[in-house]
Amino acid sequence: MTTQTTPIAFSGQIPGNYDRYLGPMFFEPFALAIADRIGSLAPKSVLELAAGTGRLTRLLPAVAGKQARILASDLNPAMVDFGRERVQDATVDWHVIDAVNLPLDDASFDCVAAQFGVMFYSDRPQAFREAHRVLRKDGTFLFSAWDAIEYNPMAELANQTLRHFFPIDTPAFYSVPFSYFDQSVIRRDLEQAGFTDIRIETLRLTGTSASPKHAAQGLIEGTPTVTAIQDRDAAVLPELLSHLEAKISERFGDKYLQVPLQALLVTARKG
């Protein structure tokens, strides 16, 4: 069965808010972990899919080596523009690319990586087949995907707040990134794409945020959730942000927030 999701636009002010507020809270700890794994592979070429604002990308030249070929990509042009500006390294080549249809030669990369991107693919099985196609023999596909939302309390607070303000026609963004955590499904999808030696680890890491206000801004204004709210009732946005900020403060404190995170780190090999 083909998995289909609707493309989600990260545009306008979203990439900046995403990088500034969600980056350290959600993505930096896993970027470090994934970069370390990539470094252990010593790849001569790396394709990064769904690179976003470059949270992982900026680490790749150091771990892969200055001689490595690094192609960073994302489906959203605004994310690519932001990432290209943020990661100014001559060894990184940025492009707008859909993971479902890679305009790349067969067997052209040693490693394909995606940090928290596979959940958004419009056709996941096809994207996995494409990743397998562009990998060289014995190449590695490595990606992270969030575990269930109940293991990620900051995101769960955001989702609860959205349901509180919009009990009908709730903005559905948070149903997507926390939807791909069934390990049997992940394993099946990869096997059907031709991958072997599949390993799935559960990583429990800690993110940080300077304040409840910054956390709330990231959760709402750093995701397409803000657009969905504005489409429904723009006037409610300040109250919703204030409500979420108060809930975050109750749960995590007023400054230097320590945010528990849980995600899956998946590696698979092209035999």
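What you see is a predicted model, and the numbers here were worked out from it, not measured in a lab.

A. Broad picture of the overall build of the chain. Tallying secondary structure elements over the chain gives nine helices and seven strands in all. Relative to the compact-globule value of 18 Å for 271 residues, the chain shows a C-alpha radius of gyration of 18 Å, a close match. The dimensions of the chain, computed from C-alpha atoms along their principal axes, are 55 × 40 × 30 Å. In the chain, buried positions account for 55% of the 271 residues.

B. Examining the packing of helix α7 (residues 212-221) against helix α9 (residues 237-252) more closely. Viewed as axis vectors pointing N to C, α7 and α9 meet at an angle of 130 degrees, and their least axial separation amounts to 8 Å. In terms of orientation, α7 lies oblique with respect to α9. Two packed elements cross with a definite hand, and for α7 against α9 that hand is right-handed. Contacts between α7 and α9 involve P212, K213, A215, A216, Q217, L219, I220 and E221 on the former and, on the latter, L237, L240, L241, L244, E245, I248 and S249. For the contact of α7 with α9, the class distribution of residues is ten nonpolar, two polar and three charged.

C. Layout of the pairing of strand β5 (residues 135-146). Burial analysis of β5 places nine of its twelve residues in the buried class, which makes it a mostly covered element. Where strand β4 (residues 109-115) and β5 come together, six bridges link them in parallel fashion. Its bridge partner being in β5, F109 is matched across the sheet by L135. Looking at chain direction, β5 and strand β7 (residues 257-269) are connected through seven bridges and run antiparallel. Within β7, the residue paired with F143 across the bridge is V266.

D. Structural view of the sheet that holds strand β6 (residues 196-209). Pairing in this open sheet of seven strands is mixed, and the strands run β3-β2-β1-β4-β5-β7-β6 from one edge to the other. Unpaired on one side and paired on the other, β3 (92-96) and β6 mark the two borders of the sheet. Neighbour-to-neighbour, the strand axes of this sheet turn through a mean angle of 20 degrees, independent of strand direction. With four bridges joining them, strand β1 (residues 45-49) and strand β2 (residues 69-74) adopt parallel strand pairing. Within β2, the residue paired with S45 across the bridge is R69. Against the sheet, helix α4 (residues 124-134) engages β1, β4 and β5, with an angle of about 145 degrees to β5.

E. Highlighting the pairing of β4. Of all seven residues in β4, six are buried; the element is thus mostly enclosed. As paired elements, β1 and β4 share four bridges and run parallel to each other. For V46, the partnering residue across the bridge sits in β4 and is C111. Chirality of the crossover, the property in question, places the unit of β4, α4 and β5 among those that are right-handed.

F. Region of interest: α9. With 16 residues, α9 extends 22 Å from end C-alpha to end C-alpha; this agrees with the ideal 22 Å at 1.5 Å per step. The positive-phi residue at the C-terminal boundary of α9 is G253, with phi of around 100 degrees.

Rules and cut-offs
- Along each chain, residues carry numbers from 1 onward, in the same order as the chain's sequence is written.
- The predicted nature of this model means local features are confined to residues of pLDDT at least 70 and side-chain atom pairs, given and counted, to a pLDDT of 80 or more, with totals for whole chains, interfaces and linings taken over all residues.
- Side-chain metrics rest on all non-hydrogen atoms present in the structure, leaving aside hydrogens and water.
- Numbering of helices and strands runs from the N terminus, with a helix taken as a DSSP run of H or I at least four residues long and a strand as a DSSP run of E at least two residues long.
- Using C-alpha atoms as the atom set, the radius of gyration is obtained and then compared with a globule rule of 2.2 Å times the number of residues to the power 0.38.
- Three labels apply to residues, based on accessible area from a 1.4 Å probe with only protein chains included: buried if under 20% of the type maximum, exposed if over 50%, partly exposed otherwise in between.
- In this description, a line fitted to the C-alpha atoms serves as the axis of each element, helices being fitted only across the stretch in contact, and the angle between N-to-C directions of two axes falls anywhere from 0 to 180 degrees.
- Roughly parallel covers angles under 35 degrees, roughly antiparallel covers those over 145, roughly perpendicular covers 65 to 115, and oblique covers all other angles.
- Each crossing is labelled by how the near helix is turned from the far one, with a counterclockwise turn of less than a right angle marking it left-handed and a clockwise turn marking it right-handed.
- The criterion used for residue contact is that any of the two residues' heavy atoms lie within 4.5 Å.
- Gly is put with the polar residues, along with every residue not named as nonpolar or charged; the nonpolar set is Ala, Val, Leu, Ile, Met, Phe, Trp, Tyr, Cys and Pro, and the charged set is Asp, Glu, Lys and Arg.
- Strand pairing follows a simple DSSP-based rule, namely that at least 2 bridges must link the two strands.
- Handedness is read with the strands pointing away from the viewer; a crossover is right-handed when the path from the first strand over the helix to the second is clockwise.
- The length a helix should cover is 1.5 Å for every residue beyond the first.

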